[in-house]
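Analysis of the macromolecular model
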Amino acid sequence: MEKLVLIDGHSILNRAFYGVPDLTNSAGLHTNAIYGFLNILLKILEEEKPDYLTVAFDVKAPTFRHELYNEYKGTRKPMPQELREQVPVLKETLAAMGVKMMEKAGLEADDILGTIAKRAQKEGMEVSLVSGDRDLLQVATDVIKVRIPKTKGGKTEIEDYYAADVEAKYQVNPTAFIELKALMGDTADNIPGVPKVGEKTATELMVQFGSLENLYAHVDEVGKKSVRESLITNKELAYLSKTLATINVDSPFDFSFEEARVHDFYTEEAYVAFKKLEFKNLLSHFEKGISNESITAGFQRIDDLAKAEDIFQKACEEEEVGFAILKKDGFAGIALAFADGSCFFVQNSGLLTEAYLTEKMSEAALHTRLCCGDIKSAYRYIMCDDTQRFFDVILAAYLLNPLKNDYTIADVANEYLGLMIPEWAQRFGKASLMEALSSHPEEFTQHACFLAYVALKATLVLRKKLEEAGMLTLMNEIEMPLTYVLYDMEQEGILVKPEELKAYGAALVGRISELEQRIYKEAGTEFNINSPKQLGEILFDRLKLPGGKKTKTGYSTAADVLEKLAPEHMIVADVLEYRGLAKLKSTYADGLYTFIGEDNRIHSTFNQTITATGRISSTDPNLQNIPMRMELGRQIRKVFVPKEGYIFTDADYSQIELRILAHMSGDGQLIDAYKMHADIHRITASQVFHIPFDEVTDLQRRNAKAVNFGIVYGISSFGLSQGLSITKKEAAEYIEKYFATYPGVKNFLDQAVKDAKEKGYVTTLFGRRRPVPELSSSNFMQRSFGERVAMNSPIQGTAADVIKIAMIKVHRRLKEEKLASKLILQVHDELLIETKKEEADKVRQILEEEMSRAAQLAVRLEIDLHEGNDWYEAK
DNA sequence: CCGATCACG
DNA sequence: ACGTACGTGATCGGT
């Protein structure tokens, strides 16, 4: 028996929208409803394996029902923008999959679905009718199954209704179900119904009389007087309601089952569409090895010295060459791609060793520009520090859209070349690099060559895009040169004293177990203090401390909550102390220890494509969050030391973000404030509160400082009130006074939001962009967030640009002046140099000059500089 | 694998 | 009324 699946498009999309948590792709498009829809569709297809499939849409769907709202209010609510924008995208996606869609002016999707279902039944087919709406239950029969998916908590369960199931659940058959609805009415569908008759009465009446016709024939037998009278007076309304509630299963339109026949939906177009939506886990449905035959025809594996020589010779004659290094645990080889479309994977074998390939690549870099992804990880195979010889497509992709979670060559191929290349897992599953090479050498060659091919071809596209976006200088003068600085920093690492780090950790243990015992005693039971869940239960249920729920999962036990509870019970202070020590032990003492290398140094990774604002980040371990604010934690810095004969020179910018704000806003008052060369927070307090400078109290200074912070973060009265523990109203007054004092700042922040709304992104002084898709959200929270982002990003981002420039200049100076001292760390506004003792004066001078010269602003860029025999001393 | 927490700028 | 400061990463517990 042939099988047909029919889908109520808008209804399922609507269900998915409210059932799936908010999702956005990196372009800022909301995708949660599409995701939910496709999930349901694919699930049903796999379950039913139908012969035919059709999705029906209402032609005009100006309004939509919000499930919960609707149940309560019974009215329609306009379709939210976040859902509306997904409708055309879903249709495009379905079209790309080759799914048959139906929509017809003047017909509701219900009528289309009902009609097709009945026709299919006549043809002797089995039918599954998928809808989020119970209205469709009236067309259920022995062969027409109505399926209602329910998405709750990420899982989709489907309720199935044949005619008998409808009767079992609603006590009426599908035909009578129409009349049931007619009697009770449905405001959402504009079905008036009979007054006084609700769901319960309607069911009773239908059970008793079986049909509307019969009900009115024996209307005097209706027991309840008020209901009986209402039925009689509203007879016309009842029949009108029935007409409205009835799905027209005999609608006039042409429908060809052949056009709806199911074929392979996993087309190339669909793959591209899914990629664009960033539905990574749905991509697994696609068959592996999508062919790009015209491209892969030029791919070749090389394991012969003479041929390799020819290829590297050719590379030296080209203007630009794409390359990829295949290395992870083992070294598999290097792929090279040329402008004529030829690609070669030169395999690590025989005479083609790692050293040979390194020599050849170093030579090639002198003659051709080498294009690749993630150049930083390639430098160890290419002895060349002239970054003009390279182009990193991953870095370029990051600059063009810094909001993505990760950047891969496959994504670059898809986004900028419209090319799909199979993912590693699709080709090799969980095999390691070397395993894949030995078991599937030809497949591996394809993979390697594609990486190089995409690097070369995407370079042309990306360079143009950067140019159009005004970011080519940022790329060439800042980001590319920085790659080598970061590479050097990673190579250098930072020396630690393993024994002292160990001792630091050991010193914590005693106090930690002492606190542990005290906490158990105070709680009256042993439990896991590290579990917020268990801790919450102890504090709020067992000990009955005041303060209720805060998080979705239960009680909040965050530090700011506990601090307020400290006077209530001894245990609270102990927990806070325990937490602090446990953090130091696990993350810093024990955590850092595992990263100490053979050379007694820690080599962190500096990531250049992570942050939305342009900052760099540090991982494995993170050396940008070593304790500083609390003395005990700060002591950890004593284990970070310079090597023998060296000292540390540490320089940090003084309030770089506020100074950048002064410059970018051009506010005369703020610029003048900085020219006074005095404590900026005190000046702010003096000017904002109209008090002589010398009479500013500590509290007033503290408040002014918080306001300054707030401005940089994208001020909001609520945020400031939290930061200062004052009322929102007071905070609003501070802000108002601040803006009255510095009108240029207000104007600048307003303009930033305005620009972001118009252009969709904000920019830094050096042209770096950050898209702000949240600004077009209809959700207040999201939109407010977007406004703060629009205010903060130009400031934080410009500061990131400035210190990057400083790093490049400092690095260059150290090298040019042939100093042994090395830049080893960056912590957002701070640079740390391992300084040879004899070079201390020079290093100090270089840091001072290059950091303050990194940008020419309306105010001076001042730095604080310290020297010491460990990081604690130097900071 | 996610959320809560907390370390930094 | 909505319920938050901006940007990160590591660890832990709990599903």
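Please refer to the structure higher up on the page.
These notes cover the structure that comes with them. (Residues numbered from 1 in each chain as written. Chains lettered and ligands numbered in written order. Predicted model: local features only at pLDDT ≥ 70, side-chain atom pairs only at ≥ 80, totals over all residues. Heavy atoms only, no water.)

Re the overall build of chain A
- Check the secondary structure of chain A and you find 37 helices and 24 strands.
- In terms of principal-axis extent, the alpha carbons of chain A reach across some 110 × 80 × 60 Å.
- Burial status across chain A gives 54% buried among its 875 residues.
- Excluding contacts between residues fewer than 6 apart, the proportion of contacts in chain A whose partners are at least 24 apart in sequence is 65%.
- The centroid of the 107 positive side-chain charges in chain A is displaced by 4 Å from the centroid of its 131 negative side-chain charges. (Helix = DSSP H or I, 4+ residues; strand = E, 2+ residues; numbered from the N terminus. Buried < 20%, exposed > 50% of the residue type's maximum accessible area, 1.4 Å probe, protein only. Contact = heavy atoms within 4.5 Å. Lys, Arg positive; Asp, Glu negative; His and termini not counted. Charge placed at Lys NZ, Arg CZ, Asp CG, Glu CD.)

Side note on the protein's contact with DNA strand B
- Residues in contact with DNA strand B amount to 21 residues; listed here are only the nearest, T557, K583, M628, R629 and D829.
- The sugar-phosphate backbone supplies 77% of the atoms of DNA strand B found within 4 Å of the protein.
- Residue contributions to the surface near DNA strand B peak at three residues, all from helix 26 (residues 570-593).
- Taken together, the residues of the surface near DNA strand B sort by class into seven nonpolar, eight polar and six charged. (Near = heavy atom within 4 Å. Nonpolar A, V, L, I, M, F, W, Y, C, P; charged D, E, K, R; others polar.)

Some remarks on helix 28 (residues 656-665)
- For helix 28, a buried count of nine out of ten residues is recorded, marking the element as mostly surrounded by other parts of the structure.
- Restricting attention to buried positions, one finds in helix 28 the residues I656, E657, L658, R659, I660, L661, A662, M664 and S665.
- Just past helix 28, the residue G666 takes up positive phi, approximately 65°.

A closer look at the sheet that holds strand 9 (residues 299-302)
- Overall, mixed pairing links the six strands, which are arranged 9-12-11-10-13-14 in an open sheet. The sheet is open, and its two borders are formed by strand 9 and strand 14 (390-392), each paired with just one other strand. Put simply, the sheet's adjacent strands are angled 25° from each other on average, direction ignored.
- Pairing of strand 13 (residues 369-372) with strand 14 involves three bridges; the strand directions are parallel. Following the sheet pairing, L370 is matched in strand 14 by F390.
- Helix-sheet contacts for helix 15 (residues 305-317) involve strand 9, strand 10 (320-328), strand 11 (330-337) and strand 12 (343-347), and the interaxial angle to strand 9 is about 125°.
- Sheet strands in contact with helix 16 (residues 354-367) are strand 10, strand 11, strand 12, strand 13 and strand 14, and its direction is about 30° off that of strand 11. (Pairing = 2+ DSSP bridges. Axes fitted to C-alpha atoms, helices over the stretch in contact; angles between N-to-C directions.)

A look at the packing of helix 28 against helix 35 (residues 780-816)
- Between helix 28 and helix 35, the shortest axis-to-axis distance is 9 Å and the interhelical angle comes to 110°. Judged on the interaxial angle alone, helix 35 and helix 28 are roughly perpendicular. Residue-level contacts link I656, E657, I660, L661 and M664 of helix 28 to P794, I795, Q796, T798, A799 and V802 of helix 35.
- Tallied by class, residues from the contact of helix 28 with helix 35 come to eight nonpolar, two polar and one charged. (Parallel < 35°, antiparallel > 145°, perpendicular 65-115°, else oblique.)

Things to note about the protein's contact with DNA strand C
- Around DNA strand C sit 33 residues in total, of which S531, A612, S617, R770 and R788 are the nearest.
- When atoms of DNA strand C within 4 Å of the protein are sorted by moiety, sugar and phosphate together comprise 61%.
- For DNA strand C, a phosphate oxygen lies 2.8 Å from a polar atom in the backbone of D620.
- For DNA strand C, a sugar or linking oxygen lies 3.0 Å from a polar atom in the side chain of Q796.
- Among the secondary structure elements, those contributing two or more residues to the surface near DNA strand C are helix 26, strand 18 (617-619), helix 31 (698-713), helix 32 (717-724) and helix 35.
- For the surface near DNA strand C, the leading source of residues is helix 35, giving seven residues. (Polar contact = N/O pair within 3.5 Å; in protein donor to acceptor, adjacent residues only side chain to side chain.)

Notes on the sheet that holds strand 24 (residues 863-868)
- Strands sit in the order 22-23-19-24 across an open sheet of four strands; the sheet is antiparallel. Each edge of the sheet is formed by a strand with only one pairing partner; in this case those strands are strand 22 (822-826) and strand 24. Each strand axis lies, on average, 20° off the axis of its neighbour in the sheet, ignoring direction.
- Strand direction decides the pairing type here: strand 22 and strand 23 (residues 830-836), joined by four bridges, are antiparallel. Residue K822 lies in a different strand from strand 23, and its bridge partner there is E834.

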